[in-house]
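# Overview (structure and organization)
Okay, here's what each chain looks like letter by letter:
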Amino acid sequence: MVGSNGAISFIDFLRDSWFLIAFIGGLIYWVARQDFSVSELERVNARVSSLENRTTILETGIGQIQIKIDDIKEDLNLIKGAVIK
């Protein structure tokens, strides 16, 4: 029975101090993440810069394609007008 009381008092201790345990665990987790997050932030910044460059290239390419499509539409309208006459 003595072992049972010891286990119950330990469980009561955990139940009474759950906030402190959660706080300490969260603090340890936060400190561990800070070291990781600096290198992760640098990696993410590099990826964002790369994606921005690719987006600019794609927007330029799409603009050029749109101009070519507009030219083709204009040519088709001229051809259609010539055929109708």
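Each remark here, short or long, concerns the structure printed above.
All of the points below concern the structure found in this document. (Residues numbered from 1 in each chain as written. Predicted model: local features only at pLDDT ≥ 70, side-chain atom pairs only at ≥ 80, totals over all residues. Heavy atoms only, no water.)

### Quick look at the overall build of the protein chain
Rules: The helix count covers DSSP runs of H or I at least four residues long, the strand count covers runs of E at least two residues long, and both are numbered beginning at the N terminus. What the globule rule says is 2.2 Å times the number of residues to the power 0.38, and the radius of gyration is computed from C-alpha atoms. For every residue, the accessible area (1.4 Å probe, protein chains only) is compared with the maximum for its type, and the residue is labelled buried under 20%, exposed over 50%, or partly exposed between those bounds. Note that accessible areas follow from Shrake-Rupley with a 1.4 Å probe, and for residues the cover is restricted to the protein chains shown. Under the counting rule used here, the positive set is Lys and Arg, the negative set is Asp and Glu, and His together with the chain ends is not counted. Charge coordinates come from a single atom per side chain, which is NZ of Lys, CZ of Arg, CG of Asp or CD of Glu.
Counting its secondary structure elements, the protein chain contains two helices and zero strands. A compact globule built from 85 residues would reach a C-alpha radius of gyration of about 12 Å, whereas the protein chain, at 34 Å, exceeds it by more than 25%. In terms of overall dimensions, the protein chain has C-alpha extents of about 110 × 30 × 15 Å along its principal axes. Buried residues in the protein chain amount to 1% of all 85 residues. Working note: accessible area of the protein chain is about 7900 Å², and carbon and sulfur atoms make up 68% of it. Averaging the positions of the 9 positive and the 11 negative side-chain charges in the protein chain gives two centres separated by 9 Å.

### Details of a negative patch on the surface
Definition in use: Exposure above 30% relative accessible area and no salt bridge define the residues that can form patches, which grow by joining like charges within 9 Å and nonpolar side chains of Val, Leu, Ile, Met, Phe, Trp and Tyr within 5 Å. By definition, a salt bridge exists where a carboxyl oxygen of Asp or Glu is found within 4 Å of a side-chain nitrogen of Lys or Arg.
A surface patch of like charges, here negative, comprises D70, D71, E74 and D75. Classification of D70 as partly exposed rests on a relative accessible area of 37%.

### Re the pattern of salt bridges
When the charged atoms of two side chains lie near each other, side chains of opposite charge can form a pair. The tally for this structure, following the rule as stated, stands at one salt bridge. Put simply, D12 and R15 hold a salt bridge, and the shortest N to O gap is 3.0 Å. Residue D12 and its partner R15 are both found in helix α1 (residues 2–16); the two are separated by three residues, about one turn of the helix. Judged by relative accessible area, which is 29%, D12 ranks as partly exposed. The exposed category is assigned to R15, whose relative accessible area is 54%.

### Overview of a nonpolar patch on the surface
Judged by side-chain polarity, W18, F19, L20, F23, I24, L27, I28, W30 and V31 come together as a nonpolar surface patch covering roughly 1000 Å² of accessible area. When you line up the elements, W18 lands in helix α2 (residues 18–84).

### Remarks on the packing of aromatic side chains
By convention here, two paired aromatic rings are described through the distance between centres and the angle between planes. Worth spelling out the cut-off: Put simply, two rings from Phe, Tyr or Trp (the six-membered ring, in Trp's case) pair if the centres are within 6.5 Å, and we call them stacked under 30 degrees between planes, edge-to-face over 60, tilted for the rest.
Evaluated as defined, the whole model comprises one aromatic pair. An angle of 90° between the planes, with centres 5.9 Å apart, marks the rings of W18 and F19 as edge-to-face. For the residue pair W18 and F19, the accessibility class agrees, reading exposed in each case.

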